[in-house]
Amino acid sequence: MQGVVLTSTPLRRAFGVARTAAILVLVGLFTVAAGYLAGESGLYRLRPDGPSTHPVTVAMAALLCAGLLLSTPVRKVNGAARILFLCAAGLAFARLCQMAFFDQAGSVGTS
């Protein structure tokens, strides 16, 4: 598979917006990861008794953002970006399997 080269101006602009969004998402992900490392639940929970961000979700989003930042509209998607996208897909599949087969809570929003 050779990849896709983005050459038109609207696609380049859209890609620039996506890259900016990826940077902003990475900043948020670093905040969540810092909350996990520091043990400060206020950084990864929206409400004190509410749901929290799962660490696998943080890792998947970081891999997707890194893959997006590694690819550019003027060259074909490189192997490193593909590997990051595949790692994120694998983590997503593993998390879905964990939720389906190993979580004790039967429905979303219960603790």
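Please read these numbers as outputs of a predicted model, since none were measured by experiment.

Engineer: I'd like to hear about the nonpolar core, residue by residue, with values.
Structural biologist: A22, L26, L29, V32, Y44, V58 and C65 together form the largest nonpolar core, which totals seven residues. Where this core is concerned, the elements lending two or more residues are α1 (9–38) and α2 (55–70). Ranked by residue count, the leading element in this core is α1, at four residues. For C65, the residues in contact, after removing those within four places along its chain, are A22, V25 and L26.

Engineer: For the packing of aromatic side chains, give the residues involved together with the corresponding values.
Structural biologist: In the structure shown here, the tally under the stated rule is one aromatic pair. Ring geometry for Y36 against Y44: centres 4.0 Å apart, planes inclined by 10°, an arrangement best described as stacked. On the basis of relative accessibility, which here comes to 30%, the residue Y36 falls in the partly exposed class. Overall, the relative accessible area of 15% leaves Y44 in the buried class.

Engineer: Give a detailed account of the packing of α2 against helix α3 (residues 79–101), specifying residues and quantitative values.
Structural biologist: Put simply, α2 and α3 touch, their axes get as near as 8 Å, and they point 160° apart. Classified by the angle between their axes, α2 and α3 sit roughly antiparallel to one another. Handedness of the crossing formed by α2 with α3: left-handed. Of α3, the residues touching α2 (which contributes V56, A59, M60, L63, L64, A66, G67, L68 and L70) are A80, A81, L84, F85, C87, A88, L91, A92 and R95.

Conventions used here
- Residues numbered from 1 in each chain as written.
- Predicted model: local features only at pLDDT ≥ 70, side-chain atom pairs only at ≥ 80, totals over all residues.
- Heavy atoms only, no water.
- Core = buried A, V, L, I, M, F, W, Y, C linked by side-chain atoms within 4.5 Å.
- Buried < 20%, exposed > 50% of the residue type's maximum accessible area, 1.4 Å probe, protein only.
- Helix = DSSP H or I, 4+ residues; strand = E, 2+ residues; numbered from the N terminus.
- Contact = heavy atoms within 4.5 Å.
- Phe/Tyr/Trp six-rings, centres within 6.5 Å; stacked < 30°, edge-to-face > 60°.
- Axes fitted to C-alpha atoms, helices over the stretch in contact; angles between N-to-C directions.
- Parallel < 35°, antiparallel > 145°, perpendicular 65-115°, else oblique.
- Left-handed = near helix turned anticlockwise from the far one by under 90°.

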